[in-house]
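Listed below are the residues making up each chain.
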Amino acid sequence: MDPSRSSSSDLLPFLAVSVIPVLLPHPTGRRAVADSKQSRVGKRNRGGIKNRANPSNRTALRQINPSSVHSNAIGMPYYLRNYISRISGTDMVLVIRKRLFEMDVNPNHNRLSIPFRQVSAEFLTAQEKQSLFERSHDGKKLKGMEVSMIVHPVLGEFVSVNLKRWDMKKGNGKTSSSYVLVSAWNNVVTDHMLRRDDEIQLWSFRRNRQLCFALFRF
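Residues numbered from 1 in each chain as written. Predicted model: local features only at pLDDT ≥ 70, side-chain atom pairs only at ≥ 80, totals over all residues. Heavy atoms only, no water.

A.B. asks: Explain the pattern of salt bridges to me, please; I cannot follow it from the model alone.
C.D. replies: Think of it this way: side chains of opposite charge can pair up when their charged atoms draw near. Tallied over the entire structure, the rule returns ten salt bridges. Salt-bridge contacts for Asp-198 lead to Arg-217; the nearest nitrogen and oxygen are separated by 3.3 Å. Of this pair, Asp-198 sits in the loop between helix H7 (185-191) and strand E6 (199-207) while Arg-217 sits in strand E7 (residues 210-217), and the two are 19 residues apart along the sequence. The class of Asp-198 is buried, set by a relative accessible area of 19%. Judged by relative accessible area, which is 29%, Arg-217 ranks as partly exposed. (Salt bridge = Lys/Arg side-chain N within 4 Å of Asp/Glu carboxyl O. Helix = DSSP H or I, 4+ residues; strand = E, 2+ residues; numbered from the N terminus. Buried < 20%, exposed > 50% of the residue type's maximum accessible area, 1.4 Å probe, protein only.)

Here it is, written out as structure tokens:
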């Protein structure tokens, strides 16, 4: 065929091919930016923002927080709970969770302080509370209460400690009250290498109705 005699219809395929690249949309402009933002938001939602905002999830976290435990063994390490159950222990209660201060591990003080304001739940009977006010024959010292305690990880060995109540007057006239573990506390610190800033839990439980303690270090 003579190119000079070609009709306009014969040239349409070539014209269409040359026009197609010009008509393709370019990924810029306001619509593209909006689509990009929407995509990023979708990815963030899939990544967990929606889950973090779910109130039921926040409630679940509060339920497993050991510092909010009252009158039960929720939050107690399972192997400690199982051991106490095997020795017929009952009524497990979180007494306190705290970081040890310098005075808690200083041999010159020989005591673990348990401030009333930090006690997680009631662990003494009314009779036991009253016994903490009893004094020695000369009336100079509080007798306290002998309590058997196990210390993680040496769970098969009981150590005898003395539980006392200390009431100290402040300069403003108010009273600051604490329970303290004394007597063999220095031995516990030494034997189990307790150090300042160690985080511990002190649990109470009953064995043959007698008060016992279990100490766990994280």
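A.B. asks: Can you help me understand the nonpolar core in this one?
C.D. replies: Across soluble globular proteins, nonpolar side chains show a tendency to be buried alongside one another. Ranked by internal contacts, the top residues of the largest apolar core, which has 28 residues, are Phe-123, Met-149, Leu-163, Leu-181, Leu-202, Phe-213 and Leu-215. Elements with a minimum of two residues in this core: strand E1 (89-99), strand E2 (112-115), strand E3 (145-151), strand E4 (154-169), strand E5 (175-182), H7, E6 and E7. Considering every element that reaches this core, the biggest residue donor is E3, with four residues. Of all hydrophobic cores here, the second largest spans 15 residues; its members include Tyr-83, Ile-150, Leu-155 and Trp-203. (Core = buried A, V, L, I, M, F, W, Y, C linked by side-chain atoms within 4.5 Å.)

A.B. asks: Where do I start with the packing of aromatic side chains in this structure?
C.D. replies: Each aromatic ring pair is described using two quantities: the centre-to-centre distance and the angle formed by the ring planes. As enumerated under the stated definition, the model contains six aromatic pairs in all. Geometrically, the ring pair formed by Tyr-78 and Tyr-79 is edge-to-face, given 5.1 Å between the ring centres and 75° between the ring planes. By relative accessible area, Tyr-78 is classed as exposed at 56%. Judged by relative accessible area, which is 34%, Tyr-79 ranks as partly exposed. For the ring pair Phe-116 and Tyr-179, a centre distance of 4.6 Å and an interplane angle of 40° mean the geometry is tilted. One end of the pair, Phe-116, is in the loop between E2 and helix H6 (126-131); the other, Tyr-179, is in strand E5, and 63 residues separate them in sequence. Given the relative accessible area of 30%, Phe-116 is considered partly exposed. The exposure class of Tyr-179 is buried, given its relative accessible area of 7%. Through a chain of ring-to-ring contacts, the aromatic side chains of Tyr-78, Tyr-79, Phe-216 and Phe-218 assemble into a single cluster. (Phe/Tyr/Trp six-rings, centres within 6.5 Å; stacked < 30°, edge-to-face > 60°.)

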